Amino acid sequence: MTASRLPAPFRATDLPERVTIYEVGPRDGLQNESTTVATSVKAEFVLRLVDAGLPAVEVTSFVHPEWVPQLADADDLLGLLPRETGTAPQVRLPVLVPNERGLERALEAGVTDIAVFASATETFAQRNLNRSVEESLAMVSPVVARALEAGLAVRGYLSMCFGDPWEGEVPLARVVGVASRLADLGCGELSLGDTIGVATPGHVTALLDDLENAGLTREHIAVHFHDTYGQALANTLAALRAGVTTVDASAGGLGGCPYARSATGNLATEDLVWMLTGLGVETGVDLGKLVETSVWMAEQLGRPSPSRVVRALAKGSS
C-alpha cells in the first residue's frame, strides 16, 4: 500500500495522541463461525496481526467446547504461538476465561493476560451464563483473585451496556453498578460492550460521565462497539473525545455475539485505523499489513470482508 492510499492527517486537539487497539478478531471474531477454522490458520492469523503492529491480540477462550465449539482447540492454538512474539515481546496475547477451570488451563498454558465477562442485564446473564448477574459475579470473583495472585493482568468485559434485545434500554445506573463491582474485584481494565450496536454518541458520553462520577476513570475504560446501526465509528470518536484511549476492534469486521439476536459484526480494525490516521492519532499499526491479513482471512472463510476500508484498499491494489 502506498502512502497515497492513506488519509491525510489533520490533528484534532481534543483527542489523545495515541490510542491502544485491543484486537479481538481471533477470539470474538471467529467464535461465531459455523465452519471449523483450522488451528494452524488461527495461529497464522494471530501472528499476522502481531506483525501488523497490534499491541494486544485476544487469542482464544478457555470456554467449554459445548458452548463455543469453534474455540475447542484453545490449548493446541496456544501451543503453536511463541511465548515471545518475534520482535515485539511487549505484545499481549490475552485469553478469555469463564470460570476457575478455565483459569487453571490458562495458567498451565503460560498465559499472562486474561479476561472475564459479565452482563449488565439479567436476561442476557441467564442466556449467556445460565446465571443471574449476582451469581455470575460470584463465579468470576475467585477467578480474578487467583489470577491477580499469580501476577496476571485481568480485563473485565461488560456486555449489554447500552441496550438489551429482551429488556430494551439499559439504565445507566445499572451499568455503573455492575462495572463498579468488576472494578472492586480487581479488573484493571473494563471493556464496555455495545453488544447489539444500539449506542449513540450522546449515550456513550453520558455513561462515561456517570462512570467517572463513580470513580471509574477513563484510563481504566475500553470501549467495544458493534456496527449494527452504522454508529461504531461515531461512538468511538465520542469515547475518545471523552478521554478513553483503548478501543476494541476486530480485523476485517469479523464477529458478533452468539448469544444475542441482532448482534452484527464488531467495529472493523481497518476502519478504525483509517479514521485515527486521518485524525493524526498514533496507533502503531501498519494498515497495509492489516488489510493484507484481513483479505487473507476472508479467503480462508470463503467470503469477502465486511470492512469498508478492506474492500476499498483491496480493490484499489488489484
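Residues numbered from 1 in each chain as written. Predicted model: local features only at pLDDT ≥ 70, side-chain atom pairs only at ≥ 80, totals over all residues. Heavy atoms only, no water.

### A short note on the overall build of the protein
Counting its regular elements, the protein contains 12 helices and 11 strands. Relative to the 2.2 N^0.38 estimate, which gives 20 Å for 318 residues, the radius of gyration of the protein is 18 Å and therefore close to what a compact globule would have. Overall, the C-alpha framework of the protein stretches about 50 × 45 × 35 Å when taken along its three principal axes. Long-range contacts, defined here as pairs at least 24 residues apart, represent 76% of the contacts in the protein between residues at least 6 apart. Of the roughly 13100 Å² that the protein leaves accessible, carbon and sulfur atoms contribute 50%. (Helix = DSSP H or I, 4+ residues; strand = E, 2+ residues; numbered from the N terminus. Rg over C-alpha atoms; globule rule 2.2 N^0.38 Å. Contact = heavy atoms within 4.5 Å. Areas by Shrake-Rupley, 256 points an atom, 1.4 Å probe, with all protein chains shown as cover.)

### Remarks on the state of the cysteines
Using the criterion set out here, one finds 0 disulfides in the structure. With no disulfide partner, Cys187 has as its closest neighbouring cysteine sulfur the one in Cys161, 13 Å distant. (Disulfide = S-S within 2.5 Å.)

### Here we look at empty space enclosed by the protein
Here the idea is plain: a probe the size of a water molecule rolls over the atoms and shows the empty space left. By the definition in use, this model includes 2 cavities of 30 Å³ or more. Around the second largest cavity, the lining residues are Phe45, Ala251, Gly252, Leu254, Ser294, Met297, Ala298, Leu301, Arg303, Pro304, Ser305 and Pro306. At 4 residues, the largest contribution of residues to the lining of the second largest cavity is made by helix H11 (residues 287-301). When grouped by side-chain class, the residues that make up the lining of the second largest cavity number 8 nonpolar, 3 polar and 1 charged. (1 Å grid on protein atoms, 1.4 Å probe; cavity = no way out; pocket = protein on both sides within 12 Å on 5 of 7 lines; lining within 4 Å. Points joined across faces, edges and corners; volume = space filled by probe spheres on them. Nonpolar A, V, L, I, M, F, W, Y, C, P; charged D, E, K, R; others polar.)

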